[in-house]
2 protein chains.
Amino acid sequence: MRFFIVITGTEFTTGLKQEKNSLYISKEVFKRGGEVIGIHIAPDDIYQIQYAIKIGMDKSDVVIVSGGLGPTEDDMTRNAISEAIGVPLIFDEEWLRTIKNTLKEQGREITENIKKMAKLPYGARKIENPVGKALGFIKVLDDVKKAIVAVPGVPSEMKPMVLKALDYLGLKEQEKRVHLFRTFGKPEAEINDILSDIEDIVLNSSPKGVDIFVLDKNEFFLENKVKVIRERLGELIYTEEEKEMEEIVGNILKEKGLTVSTAESSTGGLIATRIVNVPGASEYMMGGVVSYSNQVKVNTLGVKKEDIERYGAVSEPVAKQMAEGVKTLLKTDISVSDTGIAGPTGGTKEKPVGLHYIGYSDRKKTEVHRVVFKGERNDIRLAVSQYALNLIRLNLR
Amino acid sequence: MRFFIVITGTEFTTGLKQEKNSLYISKEVFKRGGEVIGIHIAPDDIYQIQYAIKIGMDKSDVVIVSGGLGPTEDDMTRNAISEAIGVPLIFDEEWLRTIKNTLKEQGREITENIKKMAKLPYGARKIENPVGKALGFIKVLDDVKKAIVAVPGVPSEMKPMVLKALDYLGLKEQEKRVHLFRTFGKPEAEINDILSDIEDIVLNSSPKGVDIFVLDKNEFFLENKVKVIRERLGELIYTEEEKEMEEIVGNILKEKGLTVSTAESSTGGLIATRIVNVPGASEYMMGGVVSYSNQVKVNTLGVKKEDIERYGAVSEPVAKQMAEGVKTLLKTDISVSDTGIAGPTGGTKEKPVGLHYIGYSDRKKTEVHRVVFKGERNDIRLAVSQYALNLIRLNLR
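Once a new chain begins, its residue numbering starts again from 1 and follows that chain's sequence as written. Just so you know, chain letters begin at A and ligand numbers begin at 1, following the order they were written in. Note on the predicted model: pLDDT of at least 70 is required for a residue's local features to be given, and 80 or more for side-chain atom pairs to be given and counted; whole-chain, interface and lining totals, by contrast, use all residues. Calculation of side-chain values draws on the structure's entire complement of heavy atoms; hydrogens and water are dropped beforehand.

**Regarding the overall build of chain A**
Spelled out, the test is: A run of H or I in DSSP counts as a helix once it spans at least four residues, and a run of E counts as a strand once it spans at least two, with each numbered from the N terminus. Radius of gyration here uses only the C-alpha atoms, and the compact-globule reference equals 2.2 Å multiplied by the residue count raised to the power 0.38. Each residue is placed in one exposure class: buried if its accessible area under a 1.4 Å probe, protein chains only, is under 20% of its type's maximum, exposed if it is over 50%, and partly exposed if it falls in between. Here a residue-residue contact requires only that any non-hydrogen atoms of the pair lie within 4.5 Å. Positive residues here are Lys and Arg, negative ones are Asp and Glu, while His and the chain termini are left out of the count. We put the charge of a Lys on NZ, of an Arg on CZ, of an Asp on CG and of a Glu on CD.
When you go through chain A residue by residue, the secondary structure sums to 15 helices and 17 strands. For 397 residues, the compact-globule formula gives about 21 Å, and the C-alpha radius of gyration of chain A, at 27 Å, lies well above that figure. Taken along the three principal axes of its C-alpha coordinates, chain A extends 80 × 55 × 40 Å. Within the span of chain A, comprising 397 residues, buried residues form 57% of the whole. For chain A, restricting intrachain contacts to residue pairs at least 6 apart in sequence, the fraction spanning at least 24 positions comes to 66%. In chain A, which carries 57 positive and 58 negative side-chain charges, the distance between the mean positions of the two groups comes to 3 Å.

Here it is as structure tokens:
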């Protein structure tokens, strides 16, 4: 089944807002074996929306329109669809009553603008809105064997309503067509070289590492590719699910019954907050110290003042003492630390922007890694946090 | 000038990757007074790309295509354009030499696939790539007074090349057409009510608050609207620039010569890391303590154990003692703290999920705010960090 997605909103065509609904819809269609042959973002202009719908009807089996179902004058998707397919709009009386009752409870009266949210093309099947007032619908055009779906643009309304529409169209989640590897430790170009002979892979790189999507419509071939890649990449892979490094690390800590703490300079609390991103982190996360100033490094973490003077705050001994200091202070089994120059200024020839010392300490040892990261300040800090979390993973495997 | 943007990439139409280039291009076009009448995302399929280009040529004055200029077989934008406009591709000999020389320095030979990155339609003006090998171009079709621009999909290459193309088309940055207010403290619905009589505003809400974009092509009317909104929203506005709360707070602290520290439980370091997001934060940020466990609250911050037992860790006295404790420990002028239940579980009837106590302390006083936030765990934590930073702003104004 071929899909065409139409997104409406002048906020997208003027660059005021990042459009994200098409990502969700495409993914759900793809997971169910459908093919998206185009995504078209139109401003709130009835002619442009109509035109997009017509292109979609022409090229695909199903057009999904998201946005423009609300009560304002900018909301014109209903009319655009009605005119594009030549079917008049009527009120869904039941939904109109639902809206009226909701408003009554709030002590409000229904207005003409609100009323129009209960309209749908004659003969369309309604898709109830579990959150808001705008009614969605799916209209099947039997003569041309095509369908058009309309859902609101508000993500919390759009998502369940798209799933209902896909269900109604008979699209079920398929056998696996895609496999994800999330890796950290090698840049995209190197991963690309390692996997250069494997077809249909998509690489997606970020400061958190390189994600590899392996595609194949045939499950047997997919599994084969997956085995080869798993073998080649080994410990670079930190998960094969849609999970974050902090979840993987959290699971390991929980499983082993170990507690963790952090001593952060350059990342300023980012490692700690990422660990706490995971619900239930209180089982293993005790806390941390953000020692941005040298004074805090010395007074709170017990880093030797003379070592900071001798080697500088960005140095191997300081990272080591930070990790060991916080581990002692907060009485944990494991700790990580970092000190570095995130930039954009502050670098020297010996200590360039991006240089970081990242420490890991457990009951048996402390190790410090010297790494020079490239990129913008906050990308570097994100990469440092990923590196530190990955050190926990690699040490506790 | 009417623009149509074509983005290529199967990774977008299968929902594997968030498309972002169209946001950048739309924004730059809008800033220069151009109008984007449509954005079309096509999979790596030469017919779909060609079709998108044809629609664009039909509807607009300028089509900008991003993506598909690389060396792989999926890169077919050049051919799609050539066929769509009926102009053959030729080599740019100068660029071909540039590529050859770059490869030579790396000890590599040029291949047929790499060669094609130096091709452009006959008569097109080249747009040199400041980062990579793929040549961009702009082809003006004099007979129809239209132009087509091709740039790579890699953002660091795409961005400067789009600016060059807009320059060449004579689009200069215009008088201001849009004004931004970033607010925190009231939900979108309330802001909407306050501004309901003002036309052409776009609201964009997130855990960080509500951003208001005020649009008007006429600068006089724009300024008028801006004045009215500024008066109505008052201290809800934390900036009128594209800046983050941490930058605003950082500027205030720097200006007043005050130092800050944080004591975080629910946010787990997020406030600290946001303060450190700003280059030069070392002038005022001393550090912080992430006191996720009660043990750290008591041992490191000096929160009274009996108060935790009596009132619970999520309570007004604990938030107060955390703020005062970290201020004393790290010897700073100002401090903020939080303790709360971010969810998804852990709530009770008296202390529901989302409940937070947020503390602020300076030389004169300590205040604690009780707020119940709604949303997902990490949205709540982001909102808490914004609330804490905003407390610094409101207290130091």
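**Comments concerning the relation of the copies chain B and chain A**
The test is simple: The copies are overlaid by a least-squares fit using only the C-alpha atoms of residues whose pLDDT is at least 70 in both copies.
Taken as rigid bodies, chain B and chain A are interconverted by a rotation of 180 degrees and an axial shift of 0.1 Å, the fit giving an RMSD of 0.2 Å. Expressed as an axis order, the relation between the two copies is that of a two-fold axis.

**Description of the side chain of A:Asp216**
All names here are of chain A. Here is the rule we go by: What qualifies as a polar contact is a pair of N or O atoms within 3.5 Å, subject to a donor-acceptor requirement within protein and to the restriction that residues adjacent in sequence count only when both atoms come from side chains.
With respect to the secondary-structure elements, aspartate 216 resides in the loop between β11 (209-215) and α9 (219-233). A polar atom in the side chain of aspartate 216 sits 3.1 Å from the backbone nitrogen of asparagine 218. Here aspartate 216 is in contact with Lys176, Arg177, Phe221, Leu222 and Lys225, once residues within four sequence places are set aside.

**Thoughts on the pairing of β11(A)**
The side chains of a regular strand alternate, residue by residue, between the two faces of the sheet. Residues and elements named next belong to chain A. Inclusion rule: Strand pairing requires that DSSP identify at least two bridges connecting the strands.
When you tally the buried positions in β11, you get 7 out of 7 residues, the bulk of the element. Pairing between strand β9 (residues 178-183) and β11: 6 bridges, direction antiparallel. Across the sheet, residue histidine 179 finds its bridge partner in β11, namely valine 214. Relative to β11, strand β10 (residues 201-206) runs antiparallel, the two sharing 6 bridges. Residue pairing across strands places serine 205 opposite valine 210, the latter belonging to β11. Two successive antiparallel strands, β10 and β11, enclose a turn made up of 2 residues.

**Quick look at unusual backbone geometry**
All names here are of chain A. The residue after glycine 343, namely proline 344, is reached through a cis peptide bond having omega 5 degrees. Locating proline 344 in the fold gives a position in the loop between β15 (334-340) and β16 (355-361). Even without being a glycine, aspartate 200 presents a positive backbone phi close to 55 degrees. With respect to the helices and strands, aspartate 200 occurs in the loop between α8 (188-194) and β10.

**Some points on the domain arrangement of chain A**
Applied cut-off: Segmentation of the chain into domains, including their bounds, is taken from an automatic or database domain assignment.
The domain architecture assigned to chain A consists of domain 1 (2-168), domain 2 (178-239) and domain 3 (246-396). If you average the C-alpha positions of domain 1 of chain A and of domain 3 of chain A, the two centres end up 48 Å apart.

**Comments concerning the packing of aromatic side chains**
The relation between two aromatic rings is expressed through the spacing of the ring centres and the mutual angle of the planes. We count it as follows: Aromatic pairs are defined between Phe, Tyr and Trp rings, using the six-membered ring for Trp, whenever the two ring centres lie within 6.5 Å; interplanar angles under 30 degrees are classed as stacked, those over 60 as edge-to-face, and all others as tilted.
The final tally for this structure, using the stated rule, is 6 aromatic pairs over all chains. Centroid distance A:Phe184 to A:Tyr387: 6.1 Å. Interplanar angle 80 degrees. Geometry classified as edge-to-face. Note that A:Phe184 is positioned in the loop between β9 and α8 and A:Tyr387 in helix α15 (residues 377-396), a separation of 203 residues in sequence. For the pair A:Phe184 and A:Tyr387, one class covers both residues: buried. Considering the side-chain rings of B:Phe373 and B:Tyr387, the 6.1 Å spacing of their centres and the 90 degrees angle between planes classify their relative orientation as edge-to-face.

**Overview of the interface of chain B and chain A**
Think of interface size as the accessible area that goes away when the parts come together; that is how it is often given. Here is the rule: Accessible area that two parts lose when put together, with a 1.4 Å probe and added across both, is what the buried area reports. A carboxyl oxygen of Asp or Glu within 4 Å of a side-chain nitrogen of Lys or Arg is what we treat as a salt bridge.
Each partner contributes residues to the interface: chain B has 67 residues there, and chain A has 67 residues. Interface area, chain B with chain A, both sides summed: about 5400 Å², of which 57% is carbon and sulfur. Linking chain B to chain A there are 0 salt bridges. Where chain B packs against chain A, one counts 27 residue pairs in polar contact (both at pLDDT 80 or more). Pairing between strand β14 (residues 285-291) of chain A and strand β14 (residues 285-290) of chain B: 4 bridges, direction antiparallel. Bridge pairing in β14(B) links A:Gly288 to B:Val290.

**What to know about the pattern of salt bridges**
The final tally for this structure, using the stated rule, is 39 salt bridges over all chains. The partner of B:Lys208 in a salt bridge is B:Glu244, and the shortest N-O contact between them spans 3.1 Å. Taken as a pair, B:Lys208 in the loop between β10 (201-206) and β11 (209-215) and B:Glu244 in the loop between β12 (237-239) and α10 (245-256) lie far apart in primary sequence, 36 residues in all. Of the residues examined, B:Glu244 reaches a relative accessible area of 22% and is grouped as partly exposed. Its salt-bridge partner being B:Arg397, residue B:Glu235 comes within 2.8 Å of it at the nearest N-O pair. Taken together, the positions of B:Glu235 in the loop between α9 (219-233) and β12 and B:Arg397 in the segment after α15 (377-396) put the pair 162 residues apart, joining distant regions of the chain. One continuous salt-bridge network, built from bridges that share partners, spans A:Arg182, A:Lys208, A:Asp211 and A:Glu244.

**A look at the nonpolar core**
What counts, and what does not: Definition used in this section: a nonpolar core is a set of buried Ala, Val, Leu, Ile, Met, Phe, Trp, Tyr and Cys residues joined via side-chain atoms within 4.5 Å.
With 64 residues, the main nonpolar core has A:Ile53, A:Ile81, A:Ile148, B:Ile53, B:Ile81 and B:Ile148 as its most contacted residues. Beyond its immediate sequence surroundings of up to four residues, A:Ile81 is in contact with A:Ile53, A:Val65, A:Gly86, A:Pro121, A:Phe137, A:Ile148 and A:Ala150. Core analysis: the next-biggest nonpolar cluster, separate from the first, contains 48 residues, A:Ile41, A:Val62, B:Phe3 and B:Ile41 among them.

**With respect to helix α3 (residues 46-59) of chain A**
All names here are of chain A. Selection criterion: For a helix, the expected span equals 1.5 Å multiplied by the number of residues minus one.
Given a rise of 1.5 Å per residue, 14 residues ought to cover 20 Å, and the 20 Å separating the end C-alpha atoms of α3 matches this to within 8%. Residues of α3 that are buried: Gln48, Ile49, Gln50, Ala52, Ile53, Ile55, Gly56 and Met57. The backbone nitrogen of tyrosine 47 lies 2.9 Å from a side-chain oxygen of the residue at the head of α3, namely aspartate 45.

**With respect to the packing of helix α3 (residues 46-59) of chain B against helix α4 (residues 77-85) of chain B**
All names here are of chain B. The following threshold applies: Here an angle of 0 to 180 degrees is reported between the N-to-C directions of two axes, which are lines fitted to C-alpha atoms, with helices fitted over the stretch in contact. An angle below 35 degrees is read as roughly parallel, one above 145 as roughly antiparallel, one from 65 to 115 as roughly perpendicular, and any other as oblique. Two helices that cross are described as forming a left-handed crossing if the nearer one is turned anticlockwise from the farther one by less than a right angle, and a right-handed crossing if clockwise. Lys, Arg, Asp and Glu make up the charged group, whereas Ala, Val, Leu, Ile, Met, Phe, Trp, Tyr, Cys and Pro make up the nonpolar group; the residues left over, Gly among them, are polar.
It is the contact of α3 with α4, at a shortest axis distance of 9 Å, that shows an interaxial angle of 50 degrees. With respect to α4, the axis of α3 lies oblique. Handedness of the α3/α4 crossing: right-handed. Contacts between α3 and α4 involve Ile46, Ile49, Gln50, Ile53, Lys54 and Met57 on the former and, on the latter, Asn79, Ala80, Ile81, Glu83, Ala84 and Ile85. When the residues that make up the contact of α3 with α4 are grouped by side-chain class, the tally is 8 nonpolar, 2 polar and 2 charged.

**Digging into the packing of α3(A) against α3(B)**
Where α3(A) contacts α3(B), the two axes come as close as 13 Å, and the packing angle between them is 150 degrees. The pairing of α3(A) with α3(B) is recorded here as roughly antiparallel in orientation. Considering how the two elements wind past one another, α3(A) and α3(B) form a crossing that is right-handed. Here A:Gln48, A:Tyr51, A:Ile55, A:Asp58 and A:Lys59 of α3(A) lie close against α3(B), whose contacting residues are B:Gln48, B:Tyr51, B:Ile55, B:Asp58 and B:Lys59. Grouping the amino acids of the contact of α3(A) with α3(B) by side-chain chemistry returns 4 nonpolar, 2 polar and 4 charged.

**Details of α4(B)**
Within α4(B), burial applies to B:Thr77, B:Arg78, B:Ala80, B:Ile81, B:Ser82 and B:Ile85. Following α4(B) by one or two positions, B:Gly86 has its phi on the positive side, about 65 degrees.

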